[in-house]
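# Observations on the model geometry
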2 protein chains.
Amino acid sequence: MDAAEFRRRGKEMVDLIADYLENIEQRPVYPDVEPGYLRSLIPEEAPEEPDTYEDVVKDIERVIMPGVTHWHSPYFYAYFPTANSFPAMLADMLSGAIGCIGFSWAASPACTELETVMMDWLGKMLKLPEDFIAGTHGQGGGVIQGTASEATLVALLAARSRAVRMILASDPQRPETGITSKLVAYSSDQAHCSVERAGMIAGVRMKKIPTEQSDKYAVQGETLRRMIQEDKAAGLIPFYFCATLGTTPSCAFDHITELGPICNAEKIWMHIDAAYAGSSFICPEFRPLLNGIEFADSFNFNPHKWLLVNFDCSTMWVRKRSDLIGAFKMDPLYLKHDHQESGRYFYTDNSLFRSLKMWFVFRMYGLKGLQDYIRKHVELAKEFESLVRADQRFEISADVVLGLVCFRLKGSNEVNETLLKRINNGRKIHLVPCQLSGQFVLRFAVCARTTESRHIREAWRLITQLAEEVIQAGLDQEL
Amino acid sequence: MDAAEFRRRGKEMVDLIADYLENIEQRPVYPDVEPGYLRSLIPEEAPEEPDTYEDVVKDIERVIMPGVTHWHSPYFYAYFPTANSFPAMLADMLSGAIGCIGFSWAASPACTELETVMMDWLGKMLKLPEDFIAGTHGQGGGVIQGTASEATLVALLAARSRAVRMILASDPQRPETGITSKLVAYSSDQAHCSVERAGMIAGVRMKKIPTEQSDKYAVQGETLRRMIQEDKAAGLIPFYFCATLGTTPSCAFDHITELGPICNAEKIWMHIDAAYAGSSFICPEFRPLLNGIEFADSFNFNPHKWLLVNFDCSTMWVRKRSDLIGAFKMDPLYLKHDHQESGRYFYTDNSLFRSLKMWFVFRMYGLKGLQDYIRKHVELAKEFESLVRADQRFEISADVVLGLVCFRLKGSNEVNETLLKRINNGRKIHLVPCQLSGQFVLRFAVCARTTESRHIREAWRLITQLAEEVIQAGLDQEL
Ligand SMILES: Cc1ncc(COP(=O)(O)O)c(C=O)c1O
Ligand SMILES: Cc1ncc(COP(=O)(O)O)c(C=O)c1O
């Protein structure tokens with residue numbers, strides 16, 4: 001395929017994509033296939049001679065679409081959103097064509113520099129403390145990671161390296177081996193599973209701090225303080241705390257104004273994971289949720305979740321860039337260049353030109369457009385919450401702060417599991433569950449860019465209809 | 001921007017991309033900017049109200065292009081190639097629009113399943129041993145990672161976890177803490193810097209095995225065996241060896257037929273990093289370079305380097321999927337689904353629908369088209385080698401096996417550094433150096449899809465012209 005054919009096929013693909021997204025709500029949101037469905041639909045080996053492009057395109061509907069979970073359907077309410085916007089897609093096309101790998105300034109200066117500036121733009125939208133803005137002289141700044149999981153790990157590794165350095169500085173005789181096995185990190189029992197995994201990868205203890213429904217699933221300062229004291233008494237070295245703003249199960253918020261000073265006093269690195277909720281902080285009315293950021297060493301959220309920037313774009317800020325550089329720096333000759341020591345640029349990752357899509361999206365929506373988008377999703381969630389609250393058979397399981405509603409049928413876990421199974425088997429809407437204080441809870445997350453009130457009401461109509469059936473079946477069984 | 005506008009803008013972007021790639025060789029391959037150049041060209045903050053799309057597009061030439069290193073120019077000979085093909089770009093457009101995140105089978109069955117089958121297709125193209133093919137019943141199989149660095153780390157972590165399990169199985173009384181600090185991993189002193197970094201991340205010793213020019217920079221079985229014996233005698237536990245097929249400095253090949261049996265006998269996990277060279281193994285004449293794969297536990301290379309599949313696509317196979325799953329498994333309720341235990345699918349990573357681009361590329365080129373592509377690059381490198389060999393002032397610094405030529409002026413490191421600096425300052429061609437046995441060496445890697453013999457000859461003309469100047473300047477100084 002040469003450039004001339006690409007001009008033709010590319011334009012066809014643009015139409016195919018536009019058609020797909022315009023008509024997505026006609027498709028069953030959750031696919032009706034069994035594991036292994038795809039293998040029998042295509043050959044066992046790659047062709048020797050090229051296939052025709054027409055055949056490849058035909059196979060999109062024949063092979064792929066039947067097995068796709070349509071994340072951008074307005075009937076998709078599972079997990080958390082994944083961003084999808086036209087400006088981001090345009091930027092990704094350009095990024096793919098430029099196809100530079102940004103592992104150093106010299107590998108493509110524009111890539112490194114736009115990233116630093118876009119991180120400043122976004123940091124200012126969030127009203128981050130000056131310390132996190134790179135500007136032309138700052139010690140802190142932002143860097144794009146692939147995922148929040150990666151950011152959590154990167155922060156943990158930087159914290160581990162800082163802790164080892166501090167310990168050796170205060171006790172130069174101490175052997176370096178063995179320090180890691182004394183380190184202890186903390187996170188909420190509501191934290192995303194990637195936090196626990198980061199601990200496994202880094203080979204450090206990761207203790208889960210218990211939370212309570214009565215505290216709205218927020219980590220309490222008192223609990224953290226007690227665990228730190230106990231661990232220190234046992235000879236361990238607390239060094240890292242991952243706070244969550246907007247937990248995965250219920251969108252709960254740790255109280256970082258209370259937790260931050262404890263971490264600072266103990267020289268514990270505080271990382272804030274706001275993977276989903278972070279996008280909302282661009283709205284003045286939600287910005288208070290981020291109060292306490294001034295105590296953090298690093299902060300991360302995913303514009304690729306809720307800020308219209310397509311995957312992958314997980315934005316991470318650190319107070320001191322040198323902490324990251326120090327933890328990862330490698331400088332073989334083949335990566336050396338004339339501006340090696342330019343301290344403004346720090347990378348821990350290979351990637352394409354990811355900042356292009358931030359640039360396109362921020363400019364094509366403007367701050368106001370982005371705020372409107374967040375507010376609309378929150379309103380839709382509130383609308384769903386009202387519908388649930390108006391129905392005596394249901395209960396709300398956690399405060400609705402942003403775009404997530406946790407709810408359940410009053411009754412057993414089994415009855416709720418059955419309800420969810422029926423909902424997903426219907427394939428008209430898609431939800432996933434969570435567990436809160438031992439209860440099986442349904443999560444309803446407003447996800448798609450095109451979700452409107454009518455979709456919310458239709459979803460509720462379906463849920464109540466299925467609930468009716470489940471309740472009726474239960475009654476029949478009892479008789 | 002709605003779908004209707006996207007139809008228009010998307011088609012314009014397709015033309016913009018095609019224009020860019022068709023005319024890329026007119027641009028200076030290496031940009032003439034200083035650190036910080038970009039910040040002054042754009043506002044300090046995101047706009048409140050949207051910009052126009054016309055302004056955004058205008059800024060591509062005004063702001064971005066002056067700072068781009070053009071990796072896909074036929075005059076780009078730096079690092080190793082990064083793939084860029086039209087079928088892959090089309091697939092990426094589709095992947096962006098579907099925008100599903102493949103963290104579990106249920107999150108999009110087509111994504112999981114096409115990945116497994118594409119990894120089998122590619123595994124068969126490489127004639128991997130049956131053990132690495134998932135098929136419908138195999139214990140092994142392939143998974144796409146973002147980068148080779150990630151694959152090296154994932155393999156190391158799986159190996160660490162297997163080692164700890166084996167040690168605890170043979171000595172259940174042994175405390176788990178402390179095992180890691182006894183573990184020792186190995187790799188060549190020619191290995192990519194990401195191997196050393198993986199050791200840092202995992203918190204294990206990573207020892208560099210010295211290699212010699214006289215052995216063509218290949219790790220010798222005798223050296224590995226000796227280091228293992230010494231480490232065991234010192235109470236350490238050897239558990240991981242990362243072999244490199246096609247090293248970054250000089251494209252050297254470790255002798256895995258000799259090293260593999262040593263690792264197997266010692267129950268050391270052998271990972272093979274063939275990031276660049278791996279693509280060539282689809283050609284029967286280069287496949288012998290992979291002999292010894294039957295001893296490996298895991299194997300990885302980057303189709304996103306040399307197999308026309310755009311970044312990111314780093315393909316990794318393991319002999320036992322359970323080793324990976326065991327090292328990373330996390331199963332919170334929000335990720336549970338009905339086919340949880342379907343052992344065919346294993347994921348350690350979030351990502352888009354990356355297998356789509358493998359599918360498009362393999363079908364649109366066919367195996368023969370891909371082989372032709374590899375062979376053409378190798379021929380171009382051989383052509384460059386002949387030009388160098390025909391010039392008495394230069395020498396070849398390492399065997400030219402694939403698409404990389406390491407060469408230098410006979411003379412001091414300084415004179416070669418000066419030559420390289422002049423080459424890159426000219427901005428017509430771009431190369432990076434490496435160090436081999438203390439010598440400063442120039443690396444000439446055939447990179448772009450569109451590189452032809454005329455570009456190679458033009459590059460050589462420029463190099464010799466600058467060499468002349470450098471030599472003349474040296475002579476003038478002596479006088
Ligand atoms: C609070 C939180 N942290 C981390 C993650 C993981 O994000 P990623 O997929 O970008 O790693 C999620 C995903 O939903 C999340 O909700
Ligand atoms: C041998 C080798 N391994 C690993 C890498 C790193 O690859 P990636 O950028 O995919 O992590 C390279 C890059 O050139 C390489 O040459």
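The name that an unreviewed UniProt entry assigns to chain A is Aromatic-L-amino-acid decarboxylase, with the source organism given as Oncorhynchus mykiss. As its UniProt record puts it under Cofactor (unreviewed entry), chain A is described as follows: "pyridoxal 5'-phosphate". Heading Pathway (unreviewed entry) of the UniProt record for chain A holds this comment: "Catecholamine biosynthesis; dopamine biosynthesis; dopamine from L-tyrosine: step 2/2."

### What about the UniProt feature "modified residue: N6-(pyridoxal phosphate)lysine" (unreviewed entry) in chain A?
Here, UniProt's "modified residue: N6-(pyridoxal phosphate)lysine" (unreviewed entry) annotation points to A:Lys305. Contact partners of A:Lys305, with chain neighbours within four places excluded, come to A:Phe80, A:Pro81, A:Thr82, A:Ala83, A:Ala275 and A:Tyr276.

### Observations concerning the interface of chain B and chain A
Across the contact, 139 residues belong to chain B and 139 residues belong to chain A. Joining chain B to chain A, the criterion identifies 17 salt bridges. Salt-bridge contacts for B:Asp59 lead to A:Arg363; the nearest nitrogen and oxygen are separated by 2.8 Å. Counting the contacts that link chain B with chain A gives 54 residue pairs in polar contact (both at pLDDT 80 or more). Counting residues per element, the side of chain B that touches chain A draws most heavily on helix H1 (residues 3–22) of chain B, which supplies 17 residues. Its residues assigned to classes, the side of chain B that touches chain A shows 82 nonpolar, 29 polar and 28 charged.

### Observations regarding the side chain of A:Asn416
Residues and elements named next belong to chain A. For asparagine 416, the location among the structural elements is in helix H12 (residues 413–426). Given a relative accessible area of 0%, asparagine 416 falls into the buried group. Within the structure, asparagine 416 has its side chain in polar contact with the backbone nitrogen of leucine 409 (distance 2.7 Å). Not counting residues up to four positions away in its chain, the partners in contact with asparagine 416 are Arg408, Leu409, Gly411, Phe440 and Leu442.

### Side note on the relation of the copies chain B and chain A
For the pair chain B and chain A, the best superposition has an RMSD of 0.0 Å and corresponds to a rotation of 180 degrees with a translation of 0.0 Å parallel to the axis. Such a combination of rotation and displacement between the chain copies is what one expects of a two-fold axis. Most of the interface of chain B is mirrored in chain A, where 100% of its interface residues again form contacts.

### Description of the sheet that holds strand E8 (residues 394–396) of chain A
All names here are of chain A. If you trace the four strands from one edge of the open sheet to the other, you get E8-E9-E11-E10, paired in antiparallel fashion. What marks the edges here is a single partner per strand, and that holds for E8 and strand E10 (432–436). On average, adjacent strands in this sheet sit at an angle of 40 degrees to one another, irrespective of strand direction. Pairing analysis gives three bridges linking E8 to strand E9 (residues 404–409), with the strands arranged antiparallel. Counterpart to isoleucine 396 in the pairing with E9 is phenylalanine 407. Where helix H11 (residues 355–389) meets the sheet, its contacts fall on E8, E9 and strand E11 (439–445), and the angle it forms with E9 comes to roughly 15 degrees.

### Considering the environment of A:Ser314
Residues and elements named next belong to chain A. By the secondary structure assignment, serine 314 is in strand E7 (residues 314–318). Separated by 288 residues in the primary sequence, serine 314 and glutamine 26 place their C-alpha atoms 31 Å from one another. The residues contacting serine 314, other than those within four sequence positions of it, are Val143, Ile144, Gln145, Gly146, Thr147, Ala148, Asn300, Phe301, Asn302, Pro303 and His304.

### Quick word on the packing of helix H5 (residues 148–170) of chain B against helix H6 (residues 193–202) of chain B
All names here are of chain B. The contact between H5 and H6 brings their axes to 9 Å, and the two run at 40 degrees. Between H5 and H6, the crossing angle belongs to the class labelled oblique. As for how H5 packs across H6, the hand of that crossing is right-handed. Where H5 approaches H6, its residues Ser149, Thr152, Leu153, Leu156, Leu157 and Arg160 are matched on the opposing element by Ser194, Val195, Arg197, Ala198, Gly199, Ile201 and Ala202. Among the residues making up the contact of H5 with H6, the classes are represented as seven nonpolar, four polar and two charged.

Reading the values: the criteria
Residues numbered from 1 in each chain as written. Chains lettered and ligands numbered in written order. Predicted model: local features only at pLDDT ≥ 70, side-chain atom pairs only at ≥ 80, totals over all residues. Heavy atoms only, no water. UniProt positions renumbered as here; feature names shortened; annotations may be inferred. Contact = heavy atoms within 4.5 Å. Salt bridge = Lys/Arg side-chain N within 4 Å of Asp/Glu carboxyl O. Polar contact = N/O pair within 3.5 Å; in protein donor to acceptor, adjacent residues only side chain to side chain. Helix = DSSP H or I, 4+ residues; strand = E, 2+ residues; numbered from the N terminus. Nonpolar A, V, L, I, M, F, W, Y, C, P; charged D, E, K, R; others polar. Buried < 20%, exposed > 50% of the residue type's maximum accessible area, 1.4 Å probe, protein only. Least-squares fit on C-alpha atoms with pLDDT ≥ 70 in both. Pairing = 2+ DSSP bridges. Axes fitted to C-alpha atoms, helices over the stretch in contact; angles between N-to-C directions. Parallel < 35°, antiparallel > 145°, perpendicular 65-115°, else oblique. Left-handed = near helix turned anticlockwise from the far one by under 90°.

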